[in-house]
Amino acid sequence: MNPLTYIPQLFSSGITIGAIYALVALGFVTISRASQIINFAQGEFVMLGGVITFFLLKVVNLPYPLAALVAIMIVILIGFMMHLSVIYPLRKASILILLMATLGASIFLSSTSGLIFGTLPKALPSFSGEQPLQIGEISVLPQSVWVLVSTFILLIFLYLLSHRTLLGKAMEASSTDPLGADLLGISRSLMVFLAFGVSAGVGAFAGILITPIFFTSYSSGTLLGLKGFVAAVLGGWGKNSGAILGGFVLGMVESLSLAFIPSGYKDAVAFIILLLILYFRPKGILGSPFIDSRRW
Amino acid sequence: MVEQIPPRPPLGKEGWRDWRSMKTKSKSEFRKRDIFYLVPLWLLSLIAPDPYLYHKKGFKKKDFFYLGAICLAPLIWFDPHFHHLMVLAGIYAILSLGLSLFMGYAGQISLGHAAFFGIGAYTTAILTTQCALPTIVAFSASAVSAAGIAYLIGRPILKLKGYFLALATLGFGEIFLVIIRESTDLTGGVIGIFGIPWFSVLGFSFDTYLKQYYLIWGVLIGLFIFSKNLVRSKVGRALLAVAASEDAASSVGINVSRIKLEIFVLGAAFAGMAGSLFSYVMSTANPEAFSLGLTVLIVMMVILGGMGNLYGPIAGAILLTWLMDLLSKYQEYSLPIYGVILILLLIFFPDGIGTRLNVRVIYLIGYWAKKKKRDEGKL
């Protein structure tokens, strides 16, 4: 079979997974806008969002929208608790220590979720129907449309939060100029705390969107988080628009690569892109506000 | 009118104290209770890693104490499980010794050393099972192949710093895992390679845990002496300069990128040797052993032992191997407990258990020495 015939199909699935990568990357960027922390447990928030919704839907028997909402709330609480118990005590530590601490938190979250919710992969029902829509020669799952629309709404919300409110500006100030933020009376710890809540919420939302399409198990968070990070670096580290562009580009490249290489190597594609982008253009596609002015 | 500066009070009188006079004074006073903490402190000073190691030259009494303990421990505690545990600890110690040179001395971050460990293990596995080469040749080939791949990957990657270096090395580790899983005809995929023979030199086969213990700790001691000489040499001082400030280091004529690459390649060669020994000891090689979990483990060993200290990674390796063994009793609860312990250790001992303990001990000595005077209201 000629691989060119199913390239449009791969393209559409690439956009879907790209939207998810964009959301995960936005979680990274939200935290990095408030402080210079990279939270490796971001992927676990995504996994927890899907798994907790599944638990609430199937075991507690809540209606779907309520289950999703409660799951997002729980994950936001977990994000707050993670900041208070891991990041806040280590706020003056070196980046290596912070990196290892978030990796430790990631190990804790994924294994605990395996313990509580079981280790089997879980799939939520679609938001509306399983019947694929036919657009020309491409068949699109309704869930993919939901993913795109919800991502778009969330992006607008995050854009308004970070560029049009005092809170978003305070968050950005506490990252770009810590001393200036202190002088203006901005509590940097509070900003990082809130950023953790926002990024956990975005992560959980992404998890709920993705679980009907791809199976979510307790161990799938780490890889998703790493790929989200790759997307954030690819688009331009520290920029919302960069994260979105990087997410879609990464999703499409990864999906289109299936036409040319065996499917098992798919996971390596993202990291090869990471190595290439770090070598040739560490600023990312759109450029990064952080790369020139500080260590990176 | 010029304001008069008040004259300095004379030495040893009220108001101004010279710390030297205070020290001599407390030294001359002998109190019986000093004995109670001096003996345990002396014992602790034999065991605890020294935080200011690179100020010392040569080998001290402590080193011979360690050497004796390493040689005699398996004979005194004759338990196969203990031997096996210490074999694993020795392998991880070789691995984290190489990483410690890169992270502790050169001040870089690498989360990809598990991949070099895996490259060493798979090179040995493939050469001994498919090509039937002698084990010592496969051992050398593992070190060389890990170092060669480190050279190729290090050239572009080591331009990066901080988080991005960490991420790039992590990405390399993931690529390695994917390649190992997918190239099934060479590496056996997720199942791995079985039936790797025991390590043997000139017909002498290391087939019991005790023999393996002496093999691995012998290799470790050799590499340790090599590293100790290295960090006391010109290269070692250049590494410390690079860790302190790359700009300042290059301004005094150190080729920063070359020295970082050299130490990265050296660390990878250590990891390759460790991987080779690992596959001989376990007689299998499968990709699960070289995942992100191993990276976290060895970086924790380096951090807990104390950065910039060669005894540290060995102590950290023994400590964490024992911890993992203790935790494995709790079955499915082991990973959550492990995560919590990692975070707690990082919060309370961010610069190594030994360093922090020594600082604590010095503080306690000062506290005890001054307590009497403080009680009398003199201090």
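Not measured: the values here are computed from a predicted model.

*Asks:* Could you clarify how one ought to interpret the overall build of chain A in this entry?
*Replies:* Counting secondary structure elements, chain A contains eleven helices and two strands. Ordered by position from N to C terminus, the α and β elements of chain A give α-α-α-α-β-β-α-α-α-α-α-α-α. In terms of overall dimensions, chain A is globule-like: its C-alpha atoms have a radius of gyration of 19 Å, near the 19 Å expected for 296 residues. By principal-axis analysis of the C-alpha atoms, chain A measures approximately 60 × 50 × 35 Å. The buried share among the 296 residues of chain A stands at 49%. Restricting the contact set of chain A to residue pairs at least 6 apart, pairs at least 24 apart contribute 76%.

*Asks:* Is there a simple way to explain the overall build of chain B in this structure?
*Replies:* For chain B, the count of helices and strands is 16 helices and four strands. Burial status across chain B gives 43% buried among its 379 residues. In chain B, the share of contacts with a sequence separation of at least 24, taken over all contacts with a separation of at least 6, comes to 76%.

*Asks:* Explain the nonpolar core to me, please; I cannot follow it from the model alone.
*Replies:* Core analysis: the largest hydrophobic core is formed by 195 residues, its most contacted members being Val 230 and Leu 274 of chain A together with Ile 91 and Ile 94 of chain B. Among residues more than four places away in sequence, those in contact with Ile 91 of chain B are Ile 216, Ala 274, Leu 277, Phe 278 and Val 281 of chain B.

*Asks:* Would you take a moment to explain the packing of helix 10 (residues 234–244) of chain B against helix 12 (residues 256–282) of chain B for this structure?
*Replies:* All names here are of chain B. Interaxial distance between helix 10 and helix 12 falls to 10 Å at its minimum, and their mutual angle equals 110°. Relative to helix 12, helix 10 is oriented roughly perpendicular. Viewed along their axes, helix 10 and helix 12 form a crossing whose handedness is left-handed. Here Val 235, Ala 238, Leu 239 and Val 242 of helix 10 come into contact with helix 12, specifically with Val 256, Ile 259, Lys 260 and Ile 263. Split into classes, the residues belonging to the contact of helix 10 with helix 12 amount to seven nonpolar, no polar and one charged.

*Asks:* What should I look at first to understand helix 2 (residues 42–58) of chain A in this one?
*Replies:* Structurally, the α-helix is built with 3.6 residues per turn, so residues lying three or four positions apart point the same way. The terminal C-alpha atoms of helix 2 of chain A, which comprises 17 residues, lie 25 Å apart, in line with the 24 Å expected from a rise of 1.5 Å per residue. Among the 17 residues that make up helix 2 of chain A, 14 are buried, leaving the element largely enclosed by the rest of the structure.

*Asks:* Before we go on, may I ask you to explain the interface of chain B and chain A in this structure?
*Replies:* Frequently, the measure chosen for interface size is the accessible area that the parts lose on association. Taken together, the contact pairs 33 residues of chain B with 36 residues of chain A. Contributions of two or more residues to the side of chain B that touches chain A are made by helix 7 (162–182), helix 13 (292–305) and helix 15 (334–348) of chain B. In terms of residue count, helix 7 of chain B provides more of the side of chain B that touches chain A than any other element does, 13 residues in total. Residues that form the side of chain B that touches chain A fall into these classes: 25 nonpolar, three polar and five charged.

*Asks:* Explain unusual backbone geometry here, please?
*Replies:* Of all residues except glycine, most have a negative phi; of all peptide bonds, most are trans. Here the phi dihedral of Asn 61 of chain A falls at roughly 60°; this positive angle occurs in a residue that is not glycine. Summarising the element assignment, Asn 61 of chain A is placed in the loop between helix 2 and helix 3 (64–87). Unusually for a residue other than glycine, Ser 283 of chain B sits at a positive phi of about 55°. Note on placement: Ser 283 of chain B falls in the loop between helix 12 and strand 4 (284–285).

*Asks:* Help me out: how do you make sense of helix 15 of chain B in this one?
*Replies:* For helix 15 of chain B, spanning 15 residues, the distance from its first C-alpha to its last is 21 Å, which sits close to the expected 21 Å at 1.5 Å a residue. By the burial criterion, the buried members of helix 15 of chain B are Pro 336, Tyr 338, Gly 339, Leu 342, Ile 343, Leu 345 and Leu 346 of chain B. Where helix 15 of chain B is buried, its residues contact helix 3 and helix 4 (95–117) of chain A together with helix 13 and helix 14 (311–327) of chain B.

*Asks:* Sorry if this is basic, but what is going on with the environment of Thr 123 of chain B here?
*Replies:* Residue and element names in this part refer to chain B. With respect to the secondary-structure elements, Thr 123 resides in helix 5 (residues 113–129). Its 25 C-beta neighbours within 10 Å are what place Thr 123 among the buried residues. In this structure, the C-alpha to C-alpha distance between Thr 123 and Lys 371, residues 248 residues apart in sequence, is 61 Å. Beyond its immediate stretch of four places on either side in the chain, Thr 123 contacts Ala 138, Ala 141, Ser 142 and Ser 145.

*Asks:* Help me understand the environment of Lys 266 of chain A in this model?
*Replies:* Residue and element names in this part refer to chain A. Considering the arrangement of structural elements, one finds Lys 266 in helix 11 (residues 266–280). Linking Lys 266 and Ser 255, residues eleven residues apart in sequence, is a C-alpha distance of 8.0 Å. Setting aside chain neighbours within four positions, we find Lys 266 in contact with Glu 254, Ser 257 and Leu 258.

*Asks:* For this particular structure, what's the right way to read the packing of helix 9 (residues 209–232) of chain B against helix 12 of chain B?
*Replies:* If you want to describe how two helices pack, look at the angle between their axes and the distance between the axes. Residue and element names in this part refer to chain B. Closest axis-to-axis distance for the helix 9/helix 12 pair is 12 Å, and the angle between their directions is 175°. Accordingly, the angle class assigned to the pair helix 9 and helix 12 is roughly antiparallel. Taken together, the residues of helix 12 that come into contact with helix 9 (itself represented by Gln 212, Ile 216, Val 219 and Leu 223) are Phe 270, Met 273, Leu 277 and Val 281. For the contact of helix 9 with helix 12, the residue count by class is seven nonpolar, one polar and no charged.

*Asks:* Explain the environment of Met 82 of chain A here, please?
*Replies:* Residues and elements named next belong to chain A. Counting through the fold element by element, Met 82 comes out in helix 3. Spatially, the C-alpha atom of Met 82 lies 9.2 Å from that of Phe 193, the residues being 111 residues apart in sequence. When residues no more than four places from it in sequence are discounted, the contact partners of Met 82 are Ala 41, Ile 87, Ala 105 and Phe 196.

*Asks:* What is the right way to look at the confidence of the model for chain B in this model?
*Replies:* In low-pLDDT regions, the fine details of the predicted coordinates are not to be read closely. Residues and elements named next belong to chain B. Confidence along chain B averages 80 in pLDDT terms, with 79% of residues attaining 70 or more. Here helix 1 (residues 19–28) stands out as the element of chain B with the lowest mean pLDDT, 48, in contrast to helix 12, whose mean of 90 is the highest. Between residues 12–28, whose pLDDT stays under 50, and residues either more than four places distant or in other chains, the model counts eight contacts. Among the prediction metrics, the complex's ipTM stands at 0.86, with pTM recorded as 0.82.

Rules of the game
- Residues numbered from 1 in each chain as written.
- Chains lettered and ligands numbered in written order.
- Predicted model: local features only at pLDDT ≥ 70, side-chain atom pairs only at ≥ 80, totals over all residues.
- Helix = DSSP H or I, 4+ residues; strand = E, 2+ residues; numbered from the N terminus.
- Rg over C-alpha atoms; globule rule 2.2 N^0.38 Å.
- Buried ≥ 20, exposed ≤ 12 C-beta atoms within 10 Å, placed from the backbone.
- Contact = placed C-beta atoms within 7 Å.
- Core = buried A, V, L, I, M, F, W, Y, C linked by C-beta atoms within 7 Å.
- Axes fitted to C-alpha atoms, helices over the stretch in contact; angles between N-to-C directions.
- Parallel < 35°, antiparallel > 145°, perpendicular 65-115°, else oblique.
- Left-handed = near helix turned anticlockwise from the far one by under 90°.
- Nonpolar A, V, L, I, M, F, W, Y, C, P; charged D, E, K, R; others polar.
- Expected span 1.5 Å × (residues − 1).
- pLDDT = per-residue confidence, 0-100.

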